[in-house]
Amino acid sequence: MPGLLPDLAPWKASADFRRLWASGLISNFGSFLTFVALPVQLKGLTGSAAAVGAVGAVELIPLIVFGLYGGALADALDKRRLIVWTEAGQGLLSAALLVNALLPGPAVWPLYVVAALSSALVSVQRPALDSLLPRIVAHEHLPAAASLNSLRWTVGGVAGPAVAGVVVAYAGLGWAYAADLLTFAVSLAFVVRVAPSPASHEAATPDLRAVAEGARYAWSRKELLGTYAVDLAAMFLAMPLAVLPFLADELHAAWSLGLMYATFPLGALLVSATSGWTSRVHRHGRMVVLSAALWGLAVTAAGLVGDVWLVLLLLTVAGACDMVSGIFRGAMWNQTIPDELRGRLAGIELLSYSVGPQLGQVRSGGVAAWAGVRTSVWSGGALCAGAMGLLALCLPGLMTYDARTNAHAVRLREQRAATAPARV
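Draft legend 1. View of the overall build of the chain. Within the chain, the secondary structure is distributed over 17 helices and zero strands. Whereas a compact globule of 424 residues would reach a radius of gyration of roughly 22 Å, the chain reaches 20 Å, a difference of no more than 12%. A buried classification covers 57% of the 424 residues belonging to the chain. Within the chain, counting contacts between residues at least 6 apart in sequence, those at least 24 apart form 87% of the total. Surface summary for the chain: the accessible area is close to 16,900 Å², and the carbon and sulfur share equals 71%. In the chain, the 28 positive side-chain charges and the 23 negative ones have mean positions that sit 4 Å from each other.

Draft legend 2. Seen up close, helix α8 (residues 208–220). Between its first and last C-alpha, α8 extends 18 Å over 13 residues, near the 18 Å set by a 1.5 Å rise per residue. Among all positions of α8, only Ala 210, Val 211, Gly 214, Tyr 217 and Ala 218 are buried. Down the axis of α8, the buried set is contained in an arc of 125°. They therefore lie on one face. Facing away from the buried side of α8, by more than 90 degrees, are the exposed residues Leu 208, Arg 209, Arg 216 and Trp 219.

Draft legend 3. Here's a closer look at the pattern of salt bridges. Per the counting criterion, the structure on display carries seven salt bridges. Residue Arg 344 pairs with Asp 75 through a salt bridge whose shortest N-O separation is 2.8 Å. Here Arg 344, found in helix α14 (residues 342–371), pairs with Asp 75, found in helix α3 (residues 49–76); they are 269 residues apart in sequence, far enough to count as distant. As a salt-bridge pair, Glu 223 and Arg 221 come within 2.8 Å of each other at their nearest N and O atoms. Of the two residues, Glu 223 and Arg 221, neither departs from the other in class, the shared state being buried.

Draft legend 4. Structural detail: the layout of surface pockets. By volume, the second largest pocket is sized at about 360 Å³. Within the residue set of the lining of the second largest pocket, elements represented by two or more residues are α2 (15–46), α6 (142–170), α10 (244–250) and α11 (257–272). Among the elements that take part in the lining of the second largest pocket, α6 stands out by supplying seven residues, more than any other. Among the residues forming the lining of the second largest pocket, the class breakdown is 14 nonpolar, three polar and two charged.

Draft legend 5. Structural view of the environment of Leu 314. If you trace the backbone, Leu 314 turns up in helix α13 (residues 308–336). Spatially, the C-alpha atoms of Leu 314 and Ala 371 are 22 Å apart, while their sequence positions differ by 57 residues. Excluding residues that lie within four positions of it along the chain, Leu 314 makes contacts with Ala 298, Ala 301, Ala 302 and Val 305.

Draft legend 6. Here's a closer look at empty space enclosed by the protein. Evaluation of the coordinates by the stated rule reveals two cavities of 30 Å³ or more. Here the second largest cavity defines a volume of roughly 30 Å³. Lining the second largest cavity, in full, are Val 230, Asp 231, Ala 234, Met 235, Ala 292, Trp 295, Asp 322, Ser 325 and Arg 329. Elements supplying a minimum of two residues to the lining of the second largest cavity: α9 (222–238), α12 (284–304) and α13. With four residues, the single largest contributor to the lining of the second largest cavity is α9. Its residues assigned to classes, the lining of the second largest cavity shows five nonpolar, one polar and three charged.

Each value, and the rule that gives it
- Residues numbered from 1 in each chain as written.
- Predicted model: local features only at pLDDT ≥ 70, side-chain atom pairs only at ≥ 80, totals over all residues.
- Heavy atoms only, no water.
- Helix = DSSP H or I, 4+ residues; strand = E, 2+ residues; numbered from the N terminus.
- Rg over C-alpha atoms; globule rule 2.2 N^0.38 Å.
- Buried < 20%, exposed > 50% of the residue type's maximum accessible area, 1.4 Å probe, protein only.
- Contact = heavy atoms within 4.5 Å.
- Areas by Shrake-Rupley, 256 points an atom, 1.4 Å probe, with all protein chains shown as cover.
- Lys, Arg positive; Asp, Glu negative; His and termini not counted.
- Charge placed at Lys NZ, Arg CZ, Asp CG, Glu CD.
- Expected span 1.5 Å × (residues − 1).
- Arc of directions from axis to C-beta.
- Salt bridge = Lys/Arg side-chain N within 4 Å of Asp/Glu carboxyl O.
- 1 Å grid on protein atoms, 1.4 Å probe; cavity = no way out; pocket = protein on both sides within 12 Å on 5 of 7 lines; lining within 4 Å.
- Points joined across faces, edges and corners; volume = space filled by probe spheres on them.
- Nonpolar A, V, L, I, M, F, W, Y, C, P; charged D, E, K, R; others polar.

The analysis is restricted to geometry; functional conclusions fall outside its scope.
Structure (structure tokens):
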């Protein structure tokens, strides 16, 4: 089984990687509690699929603005400091949700405000986290580190929604928000122990010119543009999260909602836990496209079948396919982008894998209100699979990418080999 088990080399070699991994595991668990509790609360207060889907709309503008600017900040400021302050801000937002939930008559508007502010903080934090990884992990360990980070996310993604379904149903929304607040406090205790990571001497001032420089570099890298296009299309067309509360009701299985939210992370967890094989794959672009197409087909089938257990199985398969695509996208990004641009490119990457799901919530909620929940699910999956076929034809640079021979990957590998080993 050694070829399947995750490669633990980054964990063993870097203390800072271990600290960030533990911090992420804990905060992700709490965030997934809120991830389930907030739409359930909105559904209870409004009874509208469109209102739940609108969460994606209010998150979109902060995501775009602060994703791009957050990438410039990550290149210009100390990355550890950005992570600490944004983690603390997320904790304060969890406290606000808790206070609102405990009111005799909880209001709807704070849910949207917190969603927008949380989107802004995450958009600032993620580029700093992503651009810090190549500094604390050896170049040859980056694919393994991406798999381990995926494993961390999926553990929280499976446990969080499953626990949230029970907590919300039997203890109430307040307990879910309180647990999220506690996890942010524990996460901060790990993050503050990470060594400082100041900007490199080539760092640009965090302004519009710096953002534009990152955008020009991304535009010059057609294989990177291909990864962004694939993820945007897959998430926009086939992400059914906004309608899951209504799908559970339509299947006469309200008890399954927590499990539905856990299916995508569960599928991702199964891939992450058996990800040793990914280090032996070199044609990353082909795997990105193929797995995204399979994601769409699995979502299509989930929208067509009527048995709740089969729906749960198909959504789990979809989550596994999405994780395969994510692992190889991350490997391409981490192994080819120079350090002085890493934050800004991480901001663009954040948009590619976050804007799609937000718009996808709006799409799925709107189509569900117009044509029905099941139609919203299966039609999005079918459109996604078709879109992947078109992208495969239109993106030859992505389909021929090979990590062993790509000029950018070779250049960065040689640069990393010539520098001092990663901090341990």
